[in-house]
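Geometric and topological summary
Each chain is listed here by its residues.
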Amino acid sequence: MENNEIKKQEIDQTMELDGSMMSVLNEMRKWTKFLAVMGFIGIGFMMLMGIIASITASAVSNAPGMPAMPFPPGIIGFIYVIFAGIMVFPVILLNNFSNKMKEALYTKDHIALYKAFNNLKRYYKFIGILIIIYLLIIGAIIVGGGLMALVAGI
């Protein structure tokens, strides 16, 4: 049992980063910055598409001769805006990781390094939770679809 536990003195030990590790972390920092910038741009486009979809759906639903939609016309745009809002948090975490890693590498500050990796941990945790929620929704849709098919006698 004791072999499986991490002892406090093992946690408190310092770890030295050599040049090759710092080089890898710097390259990783650059890629995460790129992904964060692309994420912010993508969120901006999602917001814009949500607004355009809402306006377009409302205009089309009010056009003469168009049948009534079974749902409010702006709901599609609203869903786009909600998804964009959800994605802001992980993109901010990725950007914070990149900024803190840059600070840690240039100043050799252990606290900045810890904060960088803490942001990366929070990013992966958030994405993992989103994937679990997504899988649960997909599972519910599959089960619901199967139940509807059973009831319909297909």
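Placed above this text is the structure.
All values reported here derive from a predicted model rather than from experimental measurement.

1. With respect to the environment of Lys102
- Its location among the elements puts Lys102 in helix α3 (residues 75–107).
- The class of Lys102 is partly exposed, set by a relative accessible area of 41%.
- In the structure, Lys102 is positioned 76 residues away from Asn26 in sequence and 7.1 Å away in space, judged by C-alpha atoms.

2. Some details on the pattern of salt bridges
- By the definition in use, this model includes 1 salt bridge.
- For the salt bridge of Glu103 with Lys100, the shortest nitrogen-to-oxygen distance reads 3.5 Å. Linking Glu103 with Lys100, this pair stays in helix α3, spanning 3 residues, or about one helical turn.
- With a relative accessible area of 26%, Lys100 lands in the partly exposed category.

Reading guide: rules and limits
Residues numbered from 1 in each chain as written. Predicted model: local features only at pLDDT ≥ 70, side-chain atom pairs only at ≥ 80, totals over all residues. Heavy atoms only, no water. Helix = DSSP H or I, 4+ residues; strand = E, 2+ residues; numbered from the N terminus. Buried < 20%, exposed > 50% of the residue type's maximum accessible area, 1.4 Å probe, protein only. Salt bridge = Lys/Arg side-chain N within 4 Å of Asp/Glu carboxyl O.

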